[in-house]
Amino acid sequence: MDNETENGLTLGEICRIVFKRIWYVLGASALVTIVAVLLIALVLNPRKVTYRGDFQVIYPLSEAQKYPNGAPFLYHDILSNASLKEIVAADEDLKGLDVDKLLREEAVTFVAEMDEETKLYTGKYSLYLKGRYFSDYAKASRFASAISQTFVERINDSAQSVSYLVDVAVFDAMPFEKQLQSLADQKSKLLGEVDKWSALYHETYRVNGKTLKNIRAEIETVYGDVTKKTIETELERCGYVAVSDVAKRKSEIQEEISYNDLQMKALEEAIKTMGGGIDAPTTPQAALMLAAQDDTSGSTGDDPNKWVINIQSVSDLLQNYSKFVTRNEQLKYQLTQLTEANITEFSASVKKQFNLISEKAEMLAEVSAQIYRDNSRVFANQEELRRDGETNVVFVAIAAFVLVFFLAALAVFMLDAPKYKAKKLQEAQQQAPVELTEVPVQEEQNKEE
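Residues numbered from 1 in each chain as written. Predicted model: local features only at pLDDT ≥ 70, side-chain atom pairs only at ≥ 80, totals over all residues. Heavy atoms only, no water.

(A) View of the overall build of the protein. When its secondary structure is counted, the protein shows 14 helices and 10 strands. Expressed as a percentage of the 449 residues in the protein, the buried residues total 36%. In the protein, 74% of the contacts between residues at least 6 apart in sequence involve partners at least 24 apart. Looking at the protein as shown, the accessible area adds up to about 27,300 Å², and 56% of this sits on carbon and sulfur atoms. (Helix = DSSP H or I, 4+ residues; strand = E, 2+ residues; numbered from the N terminus. Buried < 20%, exposed > 50% of the residue type's maximum accessible area, 1.4 Å probe, protein only. Contact = heavy atoms within 4.5 Å. Areas by Shrake-Rupley, 256 points an atom, 1.4 Å probe, with all protein chains shown as cover.)

(B) Quick peek at the packing of helix α5 (residues 137–161) against helix α13 (residues 340–375). Here α5 crosses α13 at 170 degrees, and the two axes come no closer than 8 Å. Here α13 runs roughly antiparallel to α5, going by the angle between their axes. Contacts from Ile-155, Asn-156, Ala-159 and Gln-160 of α5 reach α13 at Glu-366, Ala-369, Tyr-372 and Arg-373. Among the residues forming the contact of α5 with α13, the class breakdown is 4 nonpolar, 2 polar and 2 charged. (Axes fitted to C-alpha atoms, helices over the stretch in contact; angles between N-to-C directions. Parallel < 35°, antiparallel > 145°, perpendicular 65-115°, else oblique. Nonpolar A, V, L, I, M, F, W, Y, C, P; charged D, E, K, R; others polar.)

(C) Region of the structure containing the pattern of salt bridges. Counted by the stated rule, this structure contains 17 salt bridges. Taking the shortest distance from any N to any O, the salt bridge between Lys-228 and Glu-232 comes out at 3.0 Å. Taken as a pair, Lys-228 and Glu-232 lie in helix α9 (residues 225–238) at a separation of 4 residues, close to a single helical turn. Overall, Lys-228 belongs to the partly exposed group, its relative accessible area being 26%. (Salt bridge = Lys/Arg side-chain N within 4 Å of Asp/Glu carboxyl O.)

(D) Layout of the environment of Ser-315. Among the secondary structure elements, Ser-315 is positioned in helix α12 (residues 311–337). Linking Ser-315 and Ile-271, residues 44 residues apart in sequence, is a C-alpha distance of 9.1 Å.

(E) Helix α8 (residues 212–221), seen in detail. Every buried residue of α8 is listed here: Leu-212, Ile-215 and Ile-219. Viewed end-on, α8 has its buried residues packed into an arc of 60 degrees, placing them on one side of the element. Counted as exposed and oriented over 90 degrees from the buried face of α8: Lys-213 and Thr-221. For α8, the elements touching its buried residues are α7 (176–201), β4 (206–207), β5 (210–211) and α13. One or two steps after α8, the chain reaches Tyr-223, where phi turns positive at roughly 50 degrees. (Arc of directions from axis to C-beta.)

(F) Molecular detail of the pairing of strand β2 (residues 108–114). In terms of strand pairing, β2 meets strand β3 (residues 121–130) through 6 bridges, oriented antiparallel. Each bridged residue has a counterpart across the sheet, and for Phe-110 the counterpart in β3 is Leu-127. What sits between β2 and β3 in their antiparallel hairpin is a turn of 6 residues, with Lys-119 showing a positive phi close to 60 degrees. (Pairing = 2+ DSSP bridges.)

Pasting the structure below:
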């Protein structure tokens, strides 16, 4: 027989009392649990939860902390008012978010990880979103994803804007000498860019169906050494200038030829003094040239009109004379070549090389942009945003169900227990007389036997 409790009922009787109304108990427990869960999940948690997303941005040459176009890579730019408004406007599901309010009340914050030794950012970031500013988790998650992807979009946009071209108008305004130097510098820059990518990904890395090695070879063929030497030699020999500067250049050449003729005449007089004592030079230029060639050259002590000159000084004079002759021949040849037809033809050959290098510059710009597109990524540390500061809904559901079940069962017991006890007492009272009369009857039967 079950042990009776202090209230005169056994545990089994208590369970029977509660079980008779078990559906009421379970219904009340379920109802309150559902209300509690909905209250926590839809009202309380969204108001106090903070969503956190940890991710890492990886892109080529990210250690330089610069965009492909050379601009500083600043994560603050992504959280600017204008940037966030662009993100919201681009996504229908995000429209309705008040960016001004989000920033004003610091509902969106960003933390960048920094290396303690180098003091450089590592490319790892943590994004925090206050839950009460978002209608639900899905919207916050979409907003966080859009922000992280904006990094990659900015990188790719920057890569797409990179250009290795020289402005045509600037190039055309250069004198021919600077144009040739520009061609050489541009080619060297293009080769350097290819070498940079090869060092990072190896020369066998394929971009748009070509290896970096093949791309470099294509650039090498443009403005090659033979072509470069031929064009430079022609320019030096012919002295080409812009058509608009031909008249001025011819005048300068004539002046230089006249000056050189005077120098040659003076040298001729100076050279005639070779030998022993001879007449002094008849022009001041010749005397100065002789004096400049050798400190021992000059008038003798006996006769100021007699000069002594050594063989070495004469050799130097002859070399100088030869230089003036060669220079004048070059200048006179240039006078015959400085025609509009010749200059136009030469300019066309230079422009052809410029166009060829420009084609390779455009090709390399697309190669670089593709490399960034292929290798720029955002890696999330977890698939979903972390929830900080929210109450565990499962725990609330279990606790609410157990607590309400106990309270509902207690309420049922408190209501039904008095009735059960009264009924039990009544049944006991009804059974008591029957038991008293049965004993004598049984005794009488025993006696008769």
